[in-house]
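Secondary and tertiary structure notes
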Amino acid sequence: MRASDWHGTFATPTNYPGGSSPSALGVGDLNRDGYLDIVVTQSTNIAISVYFGLADGKFGAGVDYPAGAKPMGVAVGDLNGDGWPDVVTANFDGGGYGILWNRGIVCGVR
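The shown structure was predicted, so the numbers you read here are calculated from the model rather than taken from an experiment.

As a further point, take the overall build of the protein. Check the secondary structure of the protein and you find zero helices and seven strands. Going residue by residue from the N terminus, the α and β elements of the protein occur as β-β-β-β-β-β-β. Split into buried and exposed, the 110 residues of the protein put 33% on the buried side. Counting only contacts in the protein whose residues sit at least 6 apart along the sequence, the fraction spanning at least 24 positions is 28%. Element-wise, carbon and sulfur atoms account for 59% of the exposed surface of the protein, whose accessible area totals about 6300 Å².

Tallying each qualifying case throughout the model produces one aromatic pair. Relative to Phe-59, the ring of Tyr-16 has its centre 5.8 Å away and its plane inclined at 85 degrees; by these criteria the two rings are edge-to-face. Here the residue Tyr-16 occupies a position in the segment before strand S1 (22-28), and Phe-59 occupies one in the loop between strand S3 (47-51) and strand S4 (63-66), the gap between them amounting to 43 residues. Owing to a relative accessible area of 15%, Phe-59 belongs among the buried residues under this scheme. Its guanidinium or amino end placed over the ring of Trp-84, Arg-32 lies 3.7 Å from that ring's centre, counting from NZ or CZ.

Our focus in this paragraph is the sheet that holds strand S5 (residues 71-77). Taken together, the three strands give an open sheet; going across it, the order is S5-S6-S7, and neighbouring strands pair in antiparallel fashion. Because the sheet does not close on itself, it has two edges, and the strands there are S5 and strand S7 (97-100). Between one strand and the next, the sheet's axes are offset by a mean angle of 20 degrees, whatever the strand orientation. Here S5 pairs with strand S6 (residues 86-91) via six bridges, running antiparallel. By the bridge assignment, Pro-71 is partnered in S6 with Asn-91.

Our next topic: the sheet that holds strand S2 (residues 37-42). Taken in spatial order, the four strands line up as S1-S2-S3-S4 in an open sheet, and their pairing is antiparallel. Strands at the two margins of the open sheet, each flanked by one partner only, are S1 and S4. Mean inter-strand twist for the sheet, computed between neighbouring axes without regard to direction, equals 25 degrees. By the bridge criterion, five bridges tie S1 to S2 in an arrangement that is antiparallel. When the sheet's bridge partners are listed, Gly-26 is paired in S2 with Val-39.

Criteria and thresholds
- Residues numbered from 1 in each chain as written.
- Predicted model: local features only at pLDDT ≥ 70, side-chain atom pairs only at ≥ 80, totals over all residues.
- Heavy atoms only, no water.
- Helix = DSSP H or I, 4+ residues; strand = E, 2+ residues; numbered from the N terminus.
- Buried < 20%, exposed > 50% of the residue type's maximum accessible area, 1.4 Å probe, protein only.
- Contact = heavy atoms within 4.5 Å.
- Areas by Shrake-Rupley, 256 points an atom, 1.4 Å probe, with all protein chains shown as cover.
- Phe/Tyr/Trp six-rings, centres within 6.5 Å; stacked < 30°, edge-to-face > 60°.
- Lys NZ or Arg CZ within 6 Å of the ring centre and 35° of its normal.
- Pairing = 2+ DSSP bridges.
- Axes fitted to C-alpha atoms, helices over the stretch in contact; angles between N-to-C directions.

Spelled out as structure tokens, the structure:
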């Protein structure tokens with residue numbers, strides 16, 4: 001990731017582990033703390049990894065959530081109008097999709 005240095009250029013990149021085989025990413029404030037979080041699909045796994053944004057502009061360690069069979073694409077948005085961003089994955093196996101409903105913590109996990 002390259003953050004802006006606020007002078008029209010980018011700062012030195014910061015590398016984050018992307019899991020076993022990252023295939024897509026989405027961005028949204030999943031925990032509504034005012035900092036953007038990154039969602040990364042793990043295409044050879046059945047999970048997404050969420051990297052929560054921190055106040056210093058960096059990201060915490062990834063937290064994995066089950067997401068269906070080989071998620072290849074991801075989108076973040078409030079699907080049910082409850083004010084919490086949900087996560088949708090396009091899954092390679094089975095040709096379907098998965099919805100991770102954000103229940104106010106993240107992705108239905110309390």
